[in-house]
Amino acid sequence: MDDDDYATGPIGPKTREFNDVQAILAKLEGKAAMWERVARDNKDRAQDFERAAQAVRDGASAVTVGRTTYVLVSRDEKADDAVG
């Protein structure tokens, strides 16, 4: 993602100039493809979290999404850790 996607200058949004139709089309089509990939990746990620939530609803005490493991710790376990 380019820094110019949401950047604004002191007097408003940036202006990108192109010398021909092919150049501007290449830029716009490239951006469209990138945002389509991002949307697919985000949808997949959301589904990963929903599957993890369903696993917890079904009784799981630990689920992993990506590189993060979410663990349900009971109050009794916390108290045991504080004493020991």
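Details of the structure are given in the entry above.
Residues numbered from 1 in each chain as written. Predicted model: local features only at pLDDT ≥ 70, side-chain atom pairs only at ≥ 80, totals over all residues. Heavy atoms only, no water.

Engineer: Whenever I open this one, the overall build of the chain confuses me. Can you help?
Structural biologist: Counting its regular elements, the chain contains 2 helices and 4 strands. Across the chain, helices and strands are ordered from the amino to the carboxyl terminus as β-β-α-β-β-α. Burial status across the chain gives 7% buried among its 84 residues. (Helix = DSSP H or I, 4+ residues; strand = E, 2+ residues; numbered from the N terminus. Buried < 20%, exposed > 50% of the residue type's maximum accessible area, 1.4 Å probe, protein only.)

Engineer: Help me out: how do you make sense of the pairing of strand S3 (residues 62-65) in this one?
Structural biologist: Remember that side chains alternate between the two faces of the sheet whenever the strand is regular. Covered by surrounding structure in S3 are Val63 and Val65 only, the residues Ala62 and Thr64 on the alternate face being uncovered. Bridge count for S3 against strand S4 (residues 68-71) is 4 bridges, and the pairing is antiparallel. Its bridge partner being in S4, Thr64 is matched across the sheet by Thr69. Counting the residues that bridge the hairpin from S3 to S4 gives 2 residues, and of these Gly66 lies at a positive phi of roughly 65 degrees. (Pairing = 2+ DSSP bridges.)

Engineer: Any chance you could explain the packing of aromatic side chains here in plain terms?
Structural biologist: One pair of aromatic rings is described through two measures. These are the centre distance and the angle between the planes. Applying the stated criterion across every chain yields a total of 1 aromatic pair. Between Phe49 and Tyr70, the aromatic rings sit 6.3 Å apart at their centres with planes inclined by 65 degrees, giving edge-to-face as the arrangement. On the criterion of sequence distance, the pair formed by Phe49 in helix H1 (residues 21-57) and Tyr70 in strand S4 is long-range, its members being 21 residues apart. (Phe/Tyr/Trp six-rings, centres within 6.5 Å; stacked < 30°, edge-to-face > 60°.)

Engineer: Which parts of the structure should I look at to understand a nonpolar patch on the surface?
Structural biologist: On the surface, a cluster of nonpolar side chains totalling about 410 Å² of accessible area is made up of Phe18, Val21, Ile24, Leu25 and Leu28. Within the secondary structure, Val21 sits in helix H1. When its relative accessible area of 56% is taken as the criterion, Val21 is described as exposed. (Patch = residues over 30% accessible without salt bridge, like charges linked within 9 Å, V, L, I, M, F, W, Y side chains within 5 Å. Areas by Shrake-Rupley, 256 points an atom, 1.4 Å probe, with all protein chains shown as cover. Salt bridge = Lys/Arg side-chain N within 4 Å of Asp/Glu carboxyl O.)

Engineer: Any chance you could explain H1 here in plain terms?
Structural biologist: One full turn of an α-helix is made of 3.6 residues, so residues set three or four places apart face in the same direction. Counted at 1.5 Å a residue, the expected span for H1 with its 37 residues is 54 Å, and the 53 Å between its end C-alpha atoms agrees. Turning to H1, its buried residues number three or more, namely Lys31, Met34 and Ala52. The opening residue of H1 is Asp20, an N-cap whose side-chain oxygen sits 3.1 Å from the backbone nitrogen of Gln22. Once H1 ends, the next one or two residues include Gly59, with phi positive near 115 degrees. (Expected span 1.5 Å × (residues − 1). Polar contact = N/O pair within 3.5 Å; in protein donor to acceptor, adjacent residues only side chain to side chain.)

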